[in-house]
Each structure stands twice: as structure tokens, then as C-alpha cells.
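Structural description and commentary
Here are the chains, one letter per residue:
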Amino acid sequence: MEGPKRSQLRGKDDRSLFKVLTDGLDIIRVGIPKFKKEMRDKINFDFDGRRDHGDFEYFVKFDEKIINSWFVSADSDSGDGKSRAELIVSPNIKALFCGNLITEVPQDGKSFEQVIPYDWTAAGRIQDSQEMIQLHSISDLGITLADGNPGPFQLEIDYIAL
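In this text the structure is predicted, and so the values were computed from the model without any measurement.

With respect to the sheet that holds strand β3 (residues 95-101)
The strand order across the open sheet formed by three strands is β2-β3-β4, and the pairing between neighbours is antiparallel. The sheet is open, and its two borders are formed by β2 (84-89) and β4 (151-157), each paired with just one other strand. Averaged over all pairs of adjacent strands, the angle between strand axes in this sheet comes to 20 degrees, irrespective of strand direction. The pairing of β3 with β4 spans seven bridges and is classified as antiparallel. The partner of Cys 98 across the bridge, within β4, is Gln 154.

So this is what it looks like as C-alpha cells:
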């Protein structure tokens, strides 16, 4: 019994040897930067050693001085809504993120009364691709209330750790 010939397994390739080589070089040219980034990310991630479940590093531990250095904004600050928020010192000397959520949608002219679902990305939105992040590269932190319940809110925060 004789099996299929090697050329039948691979399929017919009408490309010239030059085209095969240049296509291969293109794959390598694109692949090397991706490989370098993957290796750099792996090295940076593993730099501090192995992490176990429950391990974390403080990004910020709130006290009165740190709380007063934070900038807080809400949709009313950009004209996108009427909600207000502030970060103050709680009675427990922690950060107290509080304010008033107003769910009234601004009349901004969206056509056909479009309803846009929550599809958050990097600018205050959920990201599909989750990648390792270096603590020194964090410049902003967003907290979003999305339960649709209008009225006052508060969240006491002791620390943020990653």
C-alpha cells in the first residue's frame, strides 16, 4: 500500500523559490519585533520573582496628604452629564470617593435615539486585550458607577494594590 506523495500533502505551490524566500523573510521581519516584545514583557514580569496568589504591591496607600494631591473629575466637568464627585478624607483617615450620580442623559443629538451599551476601553473603558502593566506607567485611575441607580454614592478606599 502506498500513501500520498509529499507534494500532495503540502498542496501545490506555484510560487518561485525567490517568492517563497521573500515571503518567509516577511514573516520573520514581522515576527521578530513581536517576539522581542513578548520576551521583554516576560522578563519585566518575572523580574521581581515568582508571584503567588495573594501577593500584591501597594500602588498607593491613602493618607490625608495623598488624598489632597489627587484630581477627581466627573461627567459634569466635561459637559457629558450632571454627576458630581469628590475625593475627601473619611472619618477613618481613608479616601472617601463620594458624590451624586445623575443618570439623566444629556441631549447631545444622537441620531435615531441610539442606545450605546457599556463597551469600555482604555480611556475609562473595558479592554478586550489585557496585558501586563508596569506600575510606573500608570497615570490615571477610573472608577465608574454603572448600576443605573441615581443619587448619592460613596466608596471608602484604604489603598490600591496590584
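Let us keep going from here.
So, the packing of aromatic side chains
The way to describe two aromatic rings as a pair is by their centre distance and the angle between their planes. A complete count under the given rule lists five aromatic pairs for this structure. With a centroid separation of 6.1 Å and an interplanar angle of 10 degrees, the aromatic rings of Phe 56 and Tyr 159 are classed as stacked. In this pair, Phe 56 is assigned in the loop between α2 (17-46) and β1 (58-61) and Tyr 159 in strand β5 (residues 159-161), connecting sequence segments 103 residues apart. A relative accessible area of 36% places Tyr 159 in the partly exposed class. A ring pair is formed by Phe 62 and Trp 70, whose centres lie 5.3 Å apart and whose planes are at 55 degrees; its orientation type is tilted. For Trp 70, a relative accessible area of 29% translates into the label partly exposed.

Quick notes on the rules
Residues numbered from 1 in each chain as written. Predicted model: local features only at pLDDT ≥ 70, side-chain atom pairs only at ≥ 80, totals over all residues. Heavy atoms only, no water. Pairing = 2+ DSSP bridges. Helix = DSSP H or I, 4+ residues; strand = E, 2+ residues; numbered from the N terminus. Axes fitted to C-alpha atoms, helices over the stretch in contact; angles between N-to-C directions. Phe/Tyr/Trp six-rings, centres within 6.5 Å; stacked < 30°, edge-to-face > 60°. Buried < 20%, exposed > 50% of the residue type's maximum accessible area, 1.4 Å probe, protein only.

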